[in-house]
Amino acid sequence: MISDSLQNAINEQIAREQYASQLYLSIAGHFELRNLRGFATWMRRHSVEETSHAMKLFDFLADRGGRIEVKALPQPINHFQSVQAAFEAALDHERQVSKDIHKLYEMAQAEKDYSSHVLFEWFVTEQVEEEKTLEEILEHVRLVGNNNGMGLLLLDQQLAAKTGVATAAAGRES
Ligand code: OFO
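This structure is a prediction, so every number in the text was calculated from the model and none was measured. (Residues numbered from 1 in each chain as written. Predicted model: local features only at pLDDT ≥ 70, side-chain atom pairs only at ≥ 80, totals over all residues. Heavy atoms only, no water.)

Here we come to the overall build of the chain. Broken down by element type, the chain carries five helices and zero strands. Helices and strands appear in the chain in the N-to-C order α-α-α-α-α. For the C-alpha atoms alone, the extent of the chain along its principal axes is close to 55 × 30 × 25 Å. Counting every position in the chain, which comprises 174 residues, the buried fraction comes to 47%. Of the contacts formed within the chain by residues at least 6 apart in sequence, a portion of 78% connects residues at least 24 apart. For the chain, the accessible surface area stands at approximately 9,200 Å², while carbon and sulfur atoms represent 53% of it. Of note, the chain has its 17 positive side-chain charges centred 3 Å away from the centre of its 26 negative side-chain charges. (Helix = DSSP H or I, 4+ residues; strand = E, 2+ residues; numbered from the N terminus. Buried < 20%, exposed > 50% of the residue type's maximum accessible area, 1.4 Å probe, protein only. Contact = heavy atoms within 4.5 Å. Areas by Shrake-Rupley, 256 points an atom, 1.4 Å probe, with all protein chains shown as cover. Lys, Arg positive; Asp, Glu negative; His and termini not counted. Charge placed at Lys NZ, Arg CZ, Asp CG, Glu CD.)

Our focus in this paragraph is the environment of phenylalanine 31. Residue placement: phenylalanine 31 occurs in helix 1 (residues 4-33). Through-space distance from the C-alpha of phenylalanine 31 to that of phenylalanine 80 is 9.7 Å; in sequence the pair is 49 residues apart.

Take helix 3 (residues 83-110) next. One turn of the α-helix equals 3.6 residues, which is why residues spaced by three or four share an orientation. The end-to-end C-alpha distance of helix 3, which contains 28 residues, comes to 41 Å, matching closely the 40 Å that a straight helix rising 1.5 Å per residue would cover. At the exit of helix 3 stands lysine 112, carrying a positive phi of roughly 55 degrees. (Expected span 1.5 Å × (residues − 1).)

Inspection of every chain in the model, using the stated rule, returns nine salt bridges. Notably, a salt bridge pairs arginine 64 with aspartate 113, separated by 3.0 Å at the nearest N-O pair. A residue pair is termed long-range when its members are at least 10 positions apart, and arginine 64 in the loop between helix 2 (37-63) and helix 3 and aspartate 113 in the loop between helix 3 and helix 4 (114-144) qualify at 49 residues. Side by side, arginine 64 and aspartate 113 carry an identical accessibility label, which is buried. Residue glutamate 139 is joined to arginine 142 by a salt bridge in which the shortest nitrogen-to-oxygen separation is 4.0 Å. (Salt bridge = Lys/Arg side-chain N within 4 Å of Asp/Glu carboxyl O.)

Take a look at the structure:
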């Protein structure tokens with residue numbers, strides 16, 4: 001049986017992962033509007049990944065006999081000034097999530113809840129990867145500059161190649 005404090009903290013984290021999913025979907029919408037399909041597809045996939053993180057916590061809580069409390073989510077930002085601003089919003093959010101995960105990890109340690117500890121360890125490692133990936137993309141966006149259409153299209157194509165989609169520059173798949 002899981003403690004009430006860990007149960008409540010995990011329920012909060014489920015909501016934060018779901019919020020991340022909403023935020024990335026919102027960013028994907030911004031990129032779709034600008035016909036940047038590589039960026040958009042990358043964000044769509046990231047949105048799905050965040051839902052899978054929420055479900056990983058959901059399943060864990062269910063397996064431990066915890067009470068799941070689905071929470072209302074805040075409205076995500078829906079307007080971004082630029083590609084750079086959109087990726088900055090994503091990276092800021094990931095950095096916040098890392099802090100939240102570290103708090104959960106500390107709680108599990110303090111309570112000597114070993115199975116929670118193992119679960120949060122997975123998330124700690126995952127956050128390193130997530131921040132690194134976003135930092136790389138953002139650095140490339142900063143390098144080419146927000147007003148460099150050709151540079152952004154090339155980056156869009158690069159992400160498209162990674163995600164396996166056709167881009168505005170390369171033409172849509174029929
Ligand atoms: Fe991208 O954050 Fe989940 O955990």
